[in-house]
Amino acid sequence: MEPFLQVRERDLVGRRGQFIAEGEVVLRHLLASSLCEPLALLAAGDRVARLMELVGDRELTAPIYVAEQAVMDAIVGFPIHRGLLGLGRRRATPAARELLSGLGPDALVAVVHGIGNHDNMGGLLRNAAAFGVDAVLLDASCCDPLYRKAIRVSVGAALITPFARLEAADDAIDLLHEMGFKAVALTPSGAQDLRDYVRTRRTAVIFGAEGPGLPLDLLARCETVRIPMAGGFDSLNVATTSGIVLHHLTGGG
């Protein structure tokens, strides 16, 4: 059970490419994911039957540990109300170019720039999965989408959504154009309303952090779109923005 000792303390120092999946819904995604694999599972005594239902007839090489709830809480370092934990890792970490080159002619990509809040990252990934985004690109300054809280907020979408991280020296817009994507950026000063924007076959939509938003030099190289708002407000939470935008781009209106 060593990988599950003092989970919160390990959140602060990282797990060398591994991650913690917490709760039934997230574990279901981990077990079914083609992008990730389970390395170990831990269940409270009264959740073993449910865990075995989730495993089903899969050939699982990961060990399964069982502990009574109080012992599990002591191992992890805080109360695990969901009673189920998994340790996992990604099967591969593709470069951004490799990920984009494998997408089809009608691909939709979400690009996230400067997102340092794990709640927002989890919400963005949840929306990406919900609206069928083909891939997510993160700039070098973004937080880790496989941080435990980001995975939990994404309800496991972080484990089934293809993503890649851009290197600090990468020019995201040049790469997108080279791969045949039209880049559209969200900004309160956008040149057109979202409701009027018509998606092209290969589209990459770019979201920036709340507050600073996207850099002006990046905006100058993209089509820009805004979400109209009532007077006195000029922006939304970035996770909320992504839900509205992706709903529109995938035909929701």
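Above: the structure in question.
Per-chain numbering applies: the sequence of each chain, read as written, is numbered from 1 onward. Local features in this predicted model are restricted to residues whose pLDDT is 70 or higher, and side-chain atom pairs enter the listing and the counts only when it is 80 or higher, whereas totals over whole chains, interfaces and linings include all residues. To obtain the side-chain values, all non-hydrogen atoms of the structure were included, while hydrogens and water were left out.

**Considerations on the overall build of the protein chain**
Using the following cut-off: Runs of E in the DSSP output that reach at least two residues are strands. Runs of H or I that reach at least four are helices, and both are numbered from the N terminus. Computation of the radius of gyration draws on C-alpha atoms alone. For the globule rule, the value is 2.2 Å times the number of residues to the power 0.38. The contact criterion used is simple: two residues touch if any of their non-hydrogen atoms lie within 4.5 Å. Per-residue and other accessible areas were derived by the Shrake-Rupley procedure at a 1.4 Å probe size, with only the shown protein chains allowed to occlude residues. We score Asp and Glu as negative and Lys and Arg as positive, and we do not count His or the chain ends. All charge positions are set by atom: Lys at NZ, Arg at CZ, Asp at CG, Glu at CD.
The secondary structure content of the protein chain amounts to 10 helices and 11 strands. The C-alpha atoms of the protein chain give a radius of gyration of 20 Å, which matches the 18 Å a tight globule of 253 residues would have. For the C-alpha atoms alone, the extent of the protein chain along its principal axes is close to 60 × 40 × 35 Å. Summarising the internal contacts of the protein chain: among those between residues at least 6 apart in sequence, 76% fall at separations of at least 24. Roughly 11900 Å² of accessible area belongs to the protein chain as shown, and the carbon and sulfur atoms make up 52% of that amount. One finds the centroid of the 25 positive side-chain charges in the protein chain at a distance of 2 Å from the centroid of its 29 negative side-chain charges.

**Let's talk about the pattern of salt bridges**
Filter applied, for reference: Criterion for a salt bridge: a side-chain nitrogen of Lys or Arg within 4 Å of a carboxyl oxygen of Asp or Glu. Only protein chains enter the accessibility calculation, which uses a 1.4 Å probe. A residue is then buried if its area is under 20% of the maximum for its type, exposed if over 50%, and partly exposed in between.
Counted by the stated rule, this structure contains 17 salt bridges. One salt bridge in this structure joins arginine 89 and glutamate 37, with 2.8 Å as the shortest N-O distance. A residue pair is termed long-range when its members are at least 10 positions apart, and arginine 89 in strand S4 (residues 84–90) and glutamate 37 in strand S2 (residues 36–44) qualify at 52 residues. A relative accessible area of 36% places arginine 89 in the partly exposed class. With a shortest N-O distance of 2.7 Å, arginine 226 and aspartate 193 are connected by a salt bridge. Residue arginine 226 is located in strand S11 (residues 223–226), and its partner aspartate 193 is located in strand S9 (residues 192–193); the two are separated by 33 residues in the primary sequence. Residue aspartate 193 is classed as buried on the basis of its relative accessible area of 13%.

**Quick look at the sheet that holds strand S7 (residues 163–165)**
The criterion, for reference: When DSSP finds two or more bridges between a pair of strands, those strands are recorded as paired. For helices, the fitted line uses only the C-alpha atoms of the stretch in contact; every axis is such a line through C-alpha atoms, and the angle between N-to-C directions lies from 0 to 180 degrees.
On the basis of which strands lie adjacent, the open sheet formed by 7 strands has the order S7-S6-S5-S10-S8-S11-S9 and parallel pairing. Taken across any chain shown, the strands that pair with only one partner, and hence form the sheet edges, are S7 and S9. In this sheet, S11 lies alongside strand S8 (residues 182–186) in parallel orientation, the contact comprising 3 bridges. Across the sheet, residue alanine 185 finds its bridge partner in S11, namely threonine 224. Packed on one face of the sheet, helix H6 (residues 118–130) meets strand S5 (108–113), strand S6 (135–138) and strand S10 (203–208) and runs near 155 degrees to S6.

**Focus: the packing of helix H2 (residues 24–32) against helix H3 (residues 48–55)**
Using the following cut-off: Reported orientations rely on four angle classes, namely roughly parallel under 35 degrees, roughly antiparallel over 145, roughly perpendicular from 65 to 115, and oblique for the rest. Take the far helix as the reference: if the near one is turned anticlockwise from it by less than a right angle, the crossing is left-handed, and if turned clockwise, right-handed.
At a closest axis distance of 10 Å, the pairing of H2 and H3 adopts a crossing angle of 30 degrees. Compared by their axis directions, H2 and H3 come out roughly parallel. Between H2 and H3 the crossing geometry is right-handed. Mapping the contact onto sequence places Glu24, Leu27, Arg28 and Leu31 in H2 and Arg50, Leu51, Leu54 and Val55 in H3.

**A look at the pairing of S11**
Relative to S11, S9 runs parallel, the two being bridged by 2 bridges. The residue bridging glutamine 192 from the neighbouring strand is valine 225, located in S11.

**Focus: the pairing of S6**
Under the convention used in this document: A clockwise path from the first strand over the helix to the second, with the strands pointing away from the viewer, defines a right-handed crossover.
Residue alternation in S6 divides its side chains into two sets, Ala135 and Leu137 and Val136 and Leu138, and both sets are buried. Relative to S6, S5 runs parallel, the two being bridged by 4 bridges. Opposite alanine 110, over in S6, you have valine 136 as the bridge partner. Read from S5 through H6 to S6, the crossover connection turns out right-handed. Note: S6 against S7, 3 bridges, orientation parallel. Paired with valine 136 across the two strands is phenylalanine 163, which belongs to S7.

**Focus: the environment of isoleucine 227**
Mapped onto the fold, isoleucine 227 is located in the loop between S11 and helix H10 (238–252). The class of isoleucine 227 is buried, set by a relative accessible area of 18%. Linking isoleucine 227 and valine 66, residues 161 residues apart in sequence, is a C-alpha distance of 49 Å. Look past the residues within four positions of isoleucine 227 in its chain and what remains in contact with it is Leu186, Leu194, Leu236, Thr241, Ile244 and Val245.

**Re the nonpolar core**
The criterion, for reference: By nonpolar core is meant a set of buried Ala, Val, Leu, Ile, Met, Phe, Trp, Tyr and Cys residues that side-chain atoms within 4.5 Å join together.
One finds Val136, Leu159 and Val205 to be the most contacted residues of the largest nonpolar core, which totals 44 residues. Discounting chain neighbours no more than four positions away, the residues touching valine 205 are Leu108, Val109, Ala110, Val111, Val184, Leu186, Val245, Leu246 and Leu249. Ranked by size, the runner-up nonpolar core spans 25 residues in total, among them Leu103, Leu166, Ala172 and Phe181.

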